[in-house]
There are 2 protein chains.
Amino acid sequence: MARKTGKAATISDVAMKSGVSVGTVSRTLNAPDTVRPATLRRVRAIIDELGFQPDARAQNMRRRRTATVGFIVDDISNPLHAITFKAAEAELREHGYWLHLVNTEGKARQEADAIERLQHGRVDGLIMTINNEKDVQCRDRLAALRVPSVLLDREIELAIDAVLTDHAPGLFQATDYLLEIGHRRIALITAGPEIRPGRERVKGFVEAFGRRKLACPHELIRSQRLSPDFGFHEASSLMQGPDRPTAIIAGGNRILVGVLKAIQQQRIVIPDELSLVTCDSTDLTRLYPGPLTVVDRDIEDIGRTAAQLLLERLGDRHNAPARRILVSTRLILGGSCAPSPPG
Amino acid sequence: MARKTGKAATISDVAMKSGVSVGTVSRTLNAPDTVRPATLRRVRAIIDELGFQPDARAQNMRRRRTATVGFIVDDISNPLHAITFKAAEAELREHGYWLHLVNTEGKARQEADAIERLQHGRVDGLIMTINNEKDVQCRDRLAALRVPSVLLDREIELAIDAVLTDHAPGLFQATDYLLEIGHRRIALITAGPEIRPGRERVKGFVEAFGRRKLACPHELIRSQRLSPDFGFHEASSLMQGPDRPTAIIAGGNRILVGVLKAIQQQRIVIPDELSLVTCDSTDLTRLYPGPLTVVDRDIEDIGRTAAQLLLERLGDRHNAPARRILVSTRLILGGSCAPSPPG
DNA sequence: ACGCTTTTTGGAAACGTTTCTAAAAATCGG
DNA sequence: CCGATTTTTAGAAACGTTTCCAAAAAGCGT
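Residues numbered from 1 in each chain as written. Chains lettered and ligands numbered in written order. Predicted model: local features only at pLDDT ≥ 70, side-chain atom pairs only at ≥ 80, totals over all residues. Heavy atoms only, no water.

1. Examining the relation of the copies chain B and chain A
Turning to step 1, where the next piece is worked out: Overlaying chain B with chain A gives an RMSD of 0.1 Å, the required rotation being 180° about an axis along which the chain moves by 0.0 Å. The transformation just described matches what one would write down for a two-fold rotation axis. Closest approach to the rotation axis within chain B is made by the C-alpha atom of H100 of chain B, at a distance of 2.2 Å.
Turning to step 2, where the next piece is worked out: Same-surface contact between copies: 99% of interface residues of chain B are shared with the interface of chain A. (Least-squares fit on C-alpha atoms with pLDDT ≥ 70 in both. Contact = heavy atoms within 4.5 Å.)

2. Looking at the pattern of salt bridges
Turning to step 1, where the next piece is worked out: Following the criterion strictly, the structure yields 60 salt bridges over all chains and no others.
Turning to step 2, where the next piece is worked out: With a closest N to O distance of 3.3 Å, R254 of chain A and D283 of chain B form a salt bridge. Linking R254 of chain A in helix α11 (residues 253–265) with D283 of chain B in helix α12 (residues 283–287), this pair reaches from one chain into another.
Turning to step 3, where the next piece is worked out: On the basis of relative accessibility, which here comes to 24%, the residue D283 of chain B falls in the partly exposed class.
Turning to step 4, where the next piece is worked out: One salt bridge in this structure joins R212 of chain B and E180 of chain B, with 2.5 Å as the shortest N-O distance. On the criterion of sequence distance, the pair formed by R212 of chain B in the loop between α9 (196–211) and β7 (221–224) and E180 of chain B in helix α8 (residues 167–180) is long-range, its members being 32 residues apart. (Salt bridge = Lys/Arg side-chain N within 4 Å of Asp/Glu carboxyl O. Helix = DSSP H or I, 4+ residues; strand = E, 2+ residues; numbered from the N terminus. Buried < 20%, exposed > 50% of the residue type's maximum accessible area, 1.4 Å probe, protein only.)

3. A few points about the packing of α8 of chain B against α9 of chain B
Residue and element names in this part refer to chain B.
Turning to step 1, where the next piece is worked out: Between α8 and α9, the least distance of the axes is 7 Å, while the angle of their chain directions is 40°. Judged on the interaxial angle alone, α9 and α8 are oblique. Regarding α8 and α9, the two cross each other, and that crossing is right-handed. In this structure, α8 contributes H167, A168, L171, F172, T175, D176 and L179 to the contact, and α9 contributes P197, E200, R201, G204, F205, E207, A208, F209 and R211.
Turning to step 2, where the next piece is worked out: Class assignment of the residues belonging to the contact of α8 with α9 gives a composition of eight nonpolar, three polar and five charged. (Axes fitted to C-alpha atoms, helices over the stretch in contact; angles between N-to-C directions. Parallel < 35°, antiparallel > 145°, perpendicular 65-115°, else oblique. Left-handed = near helix turned anticlockwise from the far one by under 90°. Nonpolar A, V, L, I, M, F, W, Y, C, P; charged D, E, K, R; others polar.)

4. Examining the protein's contact with DNA strand D
Turning to step 1, where the next piece is worked out: Taken together, 24 residues lie around DNA strand D, and T24 and T39 of chain A together with I11, S26 and R62 of chain B are the ones closest in.
Turning to step 2, where the next piece is worked out: Within 4 Å of the protein, the contacting atoms of DNA strand D are drawn from sugar and phosphate to the extent of 60%.
Turning to step 3, where the next piece is worked out: At 3.1 Å from a sugar or linking oxygen of DNA strand D is found a side-chain nitrogen or oxygen belonging to R64 of chain A.
Turning to step 4, where the next piece is worked out: The contact in question runs from a phosphate oxygen of DNA strand D to an N or O atom on the side chain of R63 of chain B, over 3.2 Å.
Turning to step 5, where the next piece is worked out: Mapped onto the surface near DNA strand D, the elements with two or more residues apiece are α2 (22–30) and α4 (56–63) of chain A together with α2 (22–30) and α4 (56–63) of chain B.
Turning to step 6, where the next piece is worked out: Partitioning the surface near DNA strand D into residue classes produces eight nonpolar, nine polar and seven charged. (Near = heavy atom within 4 Å. Polar contact = N/O pair within 3.5 Å; in protein donor to acceptor, adjacent residues only side chain to side chain.)

5. Describing the nonpolar core
Turning to step 1, where the next piece is worked out: With 52 residues, the main nonpolar core has F71, I76 and I127 of chain A together with F71, I76 and I127 of chain B as its most contacted residues.
Turning to step 2, where the next piece is worked out: With residues up to four places along the chain from it excluded, the contact list for I127 of chain B reads V69, G70, F71, I72, A88, L92, V150, L152, A306, A307 and L310 of chain B.
Turning to step 3, where the next piece is worked out: With 49 residues, the next largest nonpolar core counts V257 of chain A together with V257, L260 and L274 of chain B among its residues. (Core = buried A, V, L, I, M, F, W, Y, C linked by side-chain atoms within 4.5 Å.)

6. With respect to the interface of chain B and chain A
Turning to step 1, where the next piece is worked out: Contact residues are listed per partner, giving 71 residues for chain B and 70 residues for chain A.
Turning to step 2, where the next piece is worked out: Where chain B abuts chain A, roughly 6,300 Å² becomes buried across the two surfaces, and 54% of that area is made up of carbon and sulfur atoms.
Turning to step 3, where the next piece is worked out: At the boundary of chain B and chain A, one finds four salt bridges.
Turning to step 4, where the next piece is worked out: Here chain B is connected to chain A by 28 residue pairs in polar contact (both at pLDDT 80 or more).
Turning to step 5, where the next piece is worked out: Classifying every residue of the side of chain B that touches chain A gives 33 nonpolar, 17 polar and 21 charged. (Buried area = accessible area lost by both parts, 1.4 Å probe.)

7. Topic: the side chain of E133 of chain B
All names here are of chain B.
Turning to step 1, where the next piece is worked out: Structurally, E133 can be placed in the loop between β3 (125–128) and α7 (136–143).
Turning to step 2, where the next piece is worked out: Under the relative-accessibility criterion, E133 is labelled buried at 1%.
Turning to step 3, where the next piece is worked out: At 2.8 Å, the side chain of E133 forms a polar contact with the backbone nitrogen of R196.
Turning to step 4, where the next piece is worked out: The residues contacting E133, other than those within four sequence positions of it, are R139, D153, R154, E155, I156, E194, I195, R196 and R199.

8. Overview of the protein's contact with DNA strand C
Turning to step 1, where the next piece is worked out: Around DNA strand C lies a shell of 26 residues, among which I11, S26 and R62 of chain A together with T24 and T39 of chain B are the nearest.
Turning to step 2, where the next piece is worked out: When the atoms of DNA strand C within 4 Å of the protein are grouped by moiety, sugar and phosphate amount to 61% of the total.
Turning to step 3, where the next piece is worked out: In the environment of DNA strand C, a base oxygen lies 2.6 Å from a nitrogen or oxygen atom belonging to the side chain of R62 of chain A.
Turning to step 4, where the next piece is worked out: Elements represented by at least two residues in the surface near DNA strand C include exactly α2 and α4 of chain A together with α2 and α4 of chain B.
Turning to step 5, where the next piece is worked out: It is α4 of chain A that contributes the most residues to the surface near DNA strand C, five residues altogether.
Turning to step 6, where the next piece is worked out: Of the residues contributing to the surface near DNA strand C, the split by class is eight nonpolar, ten polar and eight charged.

9. Digging into the domain arrangement of chain A
Turning to step 1, where the next piece is worked out: According to the domain assignment, chain A contains domain 1 (11–54), domain 2 (65–165 + 300–327) and domain 3 (167–298).
Turning to step 2, where the next piece is worked out: Computed over C-alpha atoms only, the centres of domain 1 of chain A and domain 3 of chain A are separated by 63 Å. (Domains from an automatic or database assignment.)

10. Looking at empty space enclosed by the protein
Turning to step 1, where the next piece is worked out: For the structure shown, the criterion picks out three cavities of 30 Å³ or more.
Turning to step 2, where the next piece is worked out: In this structure, the largest cavity occupies an estimated 110 Å³ of space.
Turning to step 3, where the next piece is worked out: Lining the largest cavity we find 13 residues, and of these N60 and R122 of chain A together with N60, H100 and R122 of chain B sit closest to its centre.
Turning to step 4, where the next piece is worked out: Partitioned by chemical class, the residues of the lining of the largest cavity number no nonpolar, ten polar and three charged. (1 Å grid on protein atoms, 1.4 Å probe; cavity = no way out; pocket = protein on both sides within 12 Å on 5 of 7 lines; lining within 4 Å. Points joined across faces, edges and corners; volume = space filled by probe spheres on them.)

What follows is the structure in structure tokens.
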């Protein structure tokens, strides 16, 4: 649309027109109980008449805060991130905060840049997930953080609040379930060791074999990246190999997309020819076309919790020690697993 | 994490330490070609040494802009919106803009509130979709818009730039295809007439029957809301009724989720017992478990285009007449339709 | 080395609020 | 109706930049 001509009314326009000082107008807005009722009415009438709204830029400047929180994520079209965002936003909105969303495409460069540049007067705090806990650019930025921050599912030996998922027990449970119904050649496709979910999932997987004193098929662990492409590639090669797995665990919802694509392409029937367990419920897992067996967690809770941690930091817990909140998972049985034929 | 102690360096700290005036430091940053090379080097060294970054709040205030664009949407966990957002963000980022994302849950109140409050110094422009074109709160706000804005798939008789999808031809094509392969009892479940996609889809649907001089089964048009619940409810009742449709068109990706749930629940086999066409490709339509037949469009293009429209407005086209860009659709045949058995 | 032009710089004003201090006005008890 | 007390108000400073203007410095041709 065309920009409205004419400048917006300022606080001094209001002051002028209602015959009081700008200070009084300001107090009318921010501390009405310090203003005489008669004055209050008069000033408010003028405010309405002029349609005055305080300029957020000036407020931010003077108050030294922006009432804005940055949310940095690699891919907002991942529904899990979107749900986390929504939950965090709802919580923060109640406390008067807006959200800056930055989509980094998982590029360390963009992540570091966003962390660096958001801090200097654009946001009062950050909620974020980064793509590589070891990346030196990001770590430097995180070490030099000037605003309260919360990490999502990432673990760094810096004093930063975090909301973490207890992936290892989840994967243990899923793997154990598959072992229980007779599978031995179980594959795991998941993130690499440079992020916590990758490490933890592998850990839980390995442990499930160990607990039963079974040899873990390390050659079936594909721990590298959380992308559909990686899922597709690994699932394809696993299923085309000589000694194919009888079950696959897709460690991540993006991985699942690739795995399903491979399954579709090779016309593999689930669960008859292959059992499938995935992580996190999505529309796809609920509807494909029967529900899949899933290691689930409460994503909204994660967003809400992150927001709460941040709000406490922004409030009176400025300097309290960093906290890590652990969110647990649970196995939900769907129709994508069948007992493995013996031998 | 704990807030860093010690204040951030300001421009005058830099000025002091490097023995020049603040003006010169400012020009070092914003107009280096007006500064003597020797001075430039000296000031830059101090900037690095102190790790000085200009305070965005002060810049926003003084420059009377925020380099931020608001993105208002009812549900960011809808992957279509998320993809639109990503594309718009990528485009805007290249031009130095950040994005404020507001998730309104489709509530007119929150929409109006966001429009109203973002404008006064939080953003330089808006990209948005609203839930009800007729809602008086929102319309008032839109009529009083003070920043350049772009509407996504909404049509309002105000001079506001918009990116619109040509839903009617898309639905015409889909319906015509179903008619062609023998279907007559075709149902359409889609948004209500209070938003453009609802109106346009119904229009294209009706027209397809008309063009073939066939009676349109108006009782099979369910045009109300773009939600999974609505899709589920309508699909369920349609498929349980006495004279059930042989084909359903899910007019919207959220609707599809509900429709598939109903299909799952009633164990209806696609395409043998029911042909299905949906709108917009998602992971679900590509993988369920064969690809669905879909009225597709280029979502990224929509986001990019919206960003470009806005950038032009923010640039030299301040007062140019409003533009509406039409994005077309195309029918992609999947495996979810089969010829209808005669009679 | 001089005056002229051009480049570079310092200093101050401005952006629109909030908040502090002190002064003015209102209230109150007698 | 007076003085003491409390409430309310005006006015100015401050937040950290950018930008304007005028002054200083540098460059240049002779």
